[in-house]
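Observations on the three-dimensional arrangement
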Amino acid sequence: GSNGGDGAATIRAAFARLCEVVFAGARLCEAVFAGTRSREDVLAVTNPSSSAPEGARLSRIYRTRPLYVEDQPDFINAAAAGRTALEPRELLAAVNRIEAEFGRDRSRERPKGPRSLDIDILLYGSLVLDEPGLVIPHPGLSERRFALAPLVDLEPLMTDPRSGASYAAILDSLPDQGIYLLG
């Protein structure tokens with residue numbers, strides 16, 4: 001997600017970098033914007049051994065009211081999915097480098113405040129991981145429409161690897177959080 005400058009352009013450019021760095025130049029790096037199938041913000045990555053479709057995909061793009069710290073601009077959000085050869089820690093390092101390329105400086109930002117780019121690892125196939133600095137599935141995923149809506153766009157049948165609950169059902173159970181499709 002992004003809430004600095006042209007968030008939609010940032011998301012598209014970040015997806016292009018994900019295709020180069022994370023998805024290793026995926027043959028079918030596909031991003032269709034403005035209605036038919038556009039997608040952005042949060043990162044959902046599938047393990048290379050999974051049965052995910054070939055190539056990388058970007059969800060529809062959403063505008064979202066800030067959820068935790070409200071005195072800041074709206075966020076532009078999406079999710080990306082694809083296969084990666086990177087292990088979870090390598091993936092985290094790669095997305096942190098991409099965030100830095102887009103001007104993110106974690107040492108200077110307010111927690112949950114404005115940022116040029118925020119890439120979260122929502123999932124890594126069906127892996128459940130709980131280590132310092134890296135928790136998969138993302139610990140806030142099941143409470144955040146801005147993460148679940150793009151994820152469900154990409155993978156409507158995806159289930160939580162911990163509980164087995166459908167992410168679509170979890171999304172339907174959440175209250176309105178001010179999330180709107182762009183375009």
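Model, not experiment: these values are computed from the prediction.

As for the overall build of the chain
Summing up its helical and strand segments, the chain has four helices and nine strands in all. Put simply, of all contacts in the chain between residues at least 6 apart along the chain, 69% involve residues at least 24 apart. For the chain, the accessible surface area stands at approximately 8600 Å², while carbon and sulfur atoms represent 53% of it.

Some thoughts on the environment of Gly-1
Secondary-structure assignment places Gly-1 in the segment before helix 1 (7-21). A sequence separation of 10 residues divides Gly-1 from Ile-11, and the C-alpha atoms of the two residues are 6.8 Å apart.

A short note on the packing of helix 1 against helix 2 (residues 88-101)
Contact geometry of helix 1 with helix 2 gives a least axis separation of 11 Å together with a crossing angle of 140°. With respect to helix 2, the axis of helix 1 lies oblique. Relative to helix 2, helix 1 is oriented so that their crossing is right-handed. Packed against helix 1, whose contacting residues are Arg-17, Leu-18 and Val-21, the element helix 2 presents Ala-94, Val-95, Ile-98 and Glu-101 at the interface. Residues of the contact of helix 1 with helix 2, tallied by class, amount to five nonpolar, no polar and two charged.

Overview of unusual backbone geometry
A cis amide bond links Ile-136 with the next residue in sequence, Pro-137, at an omega value of -5°. Structurally, Pro-137 can be placed in the loop between strand 8 (134-136) and helix 3 (145-154). Backbone geometry places Lys-112, a non-glycine residue, at a positive phi of 65°. Following the sequence through the fold, Lys-112 ends up in the loop between helix 2 and strand 6 (121-124). For Lys-112, a relative accessible area of 41% translates into the label partly exposed.

Describing helix 1
For helix 1, built from 15 residues, the straight-helix expectation of 21 Å at 1.5 Å per residue is met to within 8% by its first-to-last C-alpha distance of 20 Å. Gly-7, Ala-8, Thr-10, Ile-11, Ala-14, Phe-15, Leu-18 and Cys-19 are the residues of helix 1 that are buried.

Structural notes on the confidence of the model for the chain
Chain-level pLDDT for the chain is 83 on average; 83% of the residues reach the 70-or-more range. Scored below 50 in pLDDT, residues 30-43 shows 69 contacts in the model against residues more than four places distant or in partner chains. When the criterion is pLDDT under 50, residues 46-53 qualifies, and its contacts beyond four places in sequence or with other chains add up to 17 contacts.

Here's the deal with the packing of aromatic side chains
Following the criterion strictly, the structure yields zero aromatic pairs and no others. One residue, Lys-112, lies across the ring of Tyr-68, its end atom 5.0 Å from the ring centre.

Quick word on the nonpolar core
Core analysis: the biggest nonpolar cluster contains 26 residues, and Phe-15, Leu-18, Val-22, Phe-23 and Val-95 have the highest contact counts within it. The element that contributes the greatest number of residues to this core is helix 1, accounting for six residues. In this structure Val-22 touches Arg-17, Arg-83, Thr-84, Leu-86, Leu-91, Ala-94, Val-95 and Ile-98, once residues within four positions along its chain are discounted. In terms of nonpolar packing, the next biggest core, distinct from the first, is built from 15 residues, Leu-123, Leu-148, Ile-170 and Ile-179 among them.

Describing the environment of Asn-96
Mapped onto the fold, Asn-96 is located in helix 2. Residue Asn-96 is classed as partly exposed on the basis of its relative accessible area of 28%. Separated by 24 residues in sequence, Asn-96 and Asp-120 have C-alpha atoms that sit 9.2 Å apart.

Quick notes on the sheet that holds strand 4 (residues 75-77)
By way of backbone hydrogen bonds, the strands of a sheet pair with one another, either parallel or antiparallel. One open sheet holds the three strands; their spatial order is 4-3-9, and the pairing between them is antiparallel. Where the open sheet ends on each side, the last strands, each with one partner, are strand 4 and strand 9 (179-181). With direction set aside, neighbouring strand axes in the sheet form an average angle of 30°. By the bridge criterion, three bridges tie strand 3 (residues 62-64) to strand 9 in an arrangement that is antiparallel. Among the inter-strand pairings, Tyr-62 is bridged to a residue of strand 9, identified as Leu-181. The sheet contacts of helix 3 involve strand 3, strand 4 and strand 9, and relative to strand 3 the element is tilted by about 165°.

The rules behind each value
- Residues numbered from 1 in each chain as written.
- Predicted model: local features only at pLDDT ≥ 70, side-chain atom pairs only at ≥ 80, totals over all residues.
- Heavy atoms only, no water.
- Helix = DSSP H or I, 4+ residues; strand = E, 2+ residues; numbered from the N terminus.
- Contact = heavy atoms within 4.5 Å.
- Areas by Shrake-Rupley, 256 points an atom, 1.4 Å probe, with all protein chains shown as cover.
- Axes fitted to C-alpha atoms, helices over the stretch in contact; angles between N-to-C directions.
- Parallel < 35°, antiparallel > 145°, perpendicular 65-115°, else oblique.
- Left-handed = near helix turned anticlockwise from the far one by under 90°.
- Nonpolar A, V, L, I, M, F, W, Y, C, P; charged D, E, K, R; others polar.
- Buried < 20%, exposed > 50% of the residue type's maximum accessible area, 1.4 Å probe, protein only.
- Expected span 1.5 Å × (residues − 1).
- pLDDT = per-residue confidence, 0-100.
- Phe/Tyr/Trp six-rings, centres within 6.5 Å; stacked < 30°, edge-to-face > 60°.
- Lys NZ or Arg CZ within 6 Å of the ring centre and 35° of its normal.
- Core = buried A, V, L, I, M, F, W, Y, C linked by side-chain atoms within 4.5 Å.
- Pairing = 2+ DSSP bridges.

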